Amino acid sequence: MSGPVTSADAPVAEATADTAASTAQVAGPRLEILPGRQAQVGTSTVSRVLPKRAHRTVGAWCFADHFGPAEITDGGVRIGPHPHMGLHTVTWLLDGEVLHRDSLGSEQLIRPGQLNLMTAGRGVAHAEQTPARTAGTMHGLQLWVAQPESTRFGDPAFEHHRELPRDEWGDVVATVLVGALGNASSPARADTPLLGADLDARGAGSIPLDPTFEHALVVASGALEVDGTMVHPGSLAYLGLGRDELLLGPASAGRALLLGGTPFGETVVMWWNFVGRSTDEVDAAYRDWEAKSERFGAVGSELARVGAPRPNWMPLP
């Protein structure tokens, strides 16, 4: 359920803002409820909660779509081969199944509780679809992590984790997708200090946090009580920098992703399915994909290849 990002999500003109000023904006614990926006991904309507103009990243997390719950109709998810660069895709399902195929030759079915993580590096392509004859409900989250300068031109890669570690505090069970939380440490790749954890809350709990991280919550179902405020699906609950614990109140009953990481001190330019540092990089990626260059490879999928939209800053030919 990847992307795409538009200028409504991450205006390119704002990407060159001073990173020191951006870091200063996240200082101090807080609770900001930032509404998501409805976006179309293939035939599915999603709630896009990251990026936000106030917070383009949370740590290195630069994109988050919440899709469903929705009944599977008309073949379900069918997103043909499309490219990525400079990011990791992180797929997390609460219900349903998705088949991933990529230009590395990977073919992997993902089910709830399992993790697919694809590293784009200098370029990769993939396709996603609901397996044939699947019925029921689709529900989950698709996230991107911006790769740092040290790895973003590296080789693409793919990993699947069938089982992930857990820890619990009071009435809250956490499954750690990426990074470490309490006594649970994920085997998934992280190129910067990062945290991604699924919180299953059935009441109160005190979850230890790294105060050097900024954090945010994306509620997927039910509602979680944070600082006396009920947080519902459809928004990003930004928690700021410097918290050493997350206190969930007794009214909490639901599922959410806890995202965190050290503030990402690099400029990020996002357009369509590309994460770069300049419009020149995005222009080159756009041209390479449209020219069917070897940079992104080929995906063994029966679905139609997705054409790239022309960046809106490029002059017409």
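See above for the structure.
How each quantity is defined
Residues numbered from 1 in each chain as written. Predicted model: local features only at pLDDT ≥ 70, side-chain atom pairs only at ≥ 80, totals over all residues. Heavy atoms only, no water. 1 Å grid on protein atoms, 1.4 Å probe; cavity = no way out; pocket = protein on both sides within 12 Å on 5 of 7 lines; lining within 4 Å. Points joined across faces, edges and corners; volume = space filled by probe spheres on them. Helix = DSSP H or I, 4+ residues; strand = E, 2+ residues; numbered from the N terminus. Nonpolar A, V, L, I, M, F, W, Y, C, P; charged D, E, K, R; others polar. Pairing = 2+ DSSP bridges. Axes fitted to C-alpha atoms, helices over the stretch in contact; angles between N-to-C directions. Expected span 1.5 Å × (residues − 1). Buried < 20%, exposed > 50% of the residue type's maximum accessible area, 1.4 Å probe, protein only. Arc of directions from axis to C-beta. Contact = heavy atoms within 4.5 Å.

**Student:** Describe empty space enclosed by the protein, naming the residues involved and giving the relevant values.
**Tutor:** For the coordinates displayed, the defined rule picks out one cavity of 30 Å³ or more. Reported here for the largest cavity is a volume of approximately 70 Å³. What lines the largest cavity is a set of 13 residues, and nearest its centre among them are T91, H100, N116, H126 and E128. In terms of residues, the lining of the largest cavity owes the most to one element, strand β9 (residues 115-119), which gives three residues. Class assignment for the residues of the lining of the largest cavity results in five nonpolar, seven polar and one charged.

**Student:** Tell me what's going on with the sheet that holds strand β8 (residues 107-110), and back it up with residues and numbers.
**Tutor:** Paired through backbone hydrogen bonds, the strands of a sheet run either parallel or antiparallel to each other. Here we have four strands laid out as an open sheet, ordered β5-β10-β7-β8, and antiparallel in their pairing. Edge positions in the open sheet fall to β5 (78-84) and β8, since each of these has one partner strand only. With strand direction ignored, the average angle separating the axes of adjacent strands in the sheet is 20°. In the sheet, strand β7 (residues 98-102) pairs with β8 via four bridges, with the strands oriented antiparallel. The residue bridging L99 from the neighbouring strand is L109, located in β8.

**Student:** A description of the sheet that holds strand β11 (residues 137-146) should follow, citing residues and the corresponding values.
**Tutor:** Sheet architecture is open: seven strands sit in the order β2-β3-β4-β11-β6-β9-β12, paired in antiparallel fashion. Edge strands, defined here as strands with exactly one partner in the open sheet, are β2 (37-41) and β12 (157-161). Here the strands of the sheet are splayed against their neighbours by 25° on average, with no regard to which way each runs. Pairing analysis gives four bridges linking strand β3 (residues 44-50) to strand β4 (residues 61-71), with the strands arranged antiparallel. When the sheet's bridge partners are listed, R48 is paired in β4 with D65.

**Student:** Describe helix α2 (residues 279-290), naming the residues involved and giving the relevant values.
**Tutor:** Spanning 12 residues, α2 covers 16 Å between terminal C-alpha atoms, matching the ideal 16 Å at 1.5 Å per step. Turning to α2, its buried residues are V282, D283, A285, Y286 and W289. Axial view of α2: buried residues confined to an arc of 165°, hence all on one face. As for α2, its buried residues are in contact with β5, β10 (124-129), β24 (269-271) and β25 (274-276). Backbone geometry just after α2 places K292 at a positive phi near 55°.

So far we have only geometry, and geometry alone does not tell us how the molecule works.
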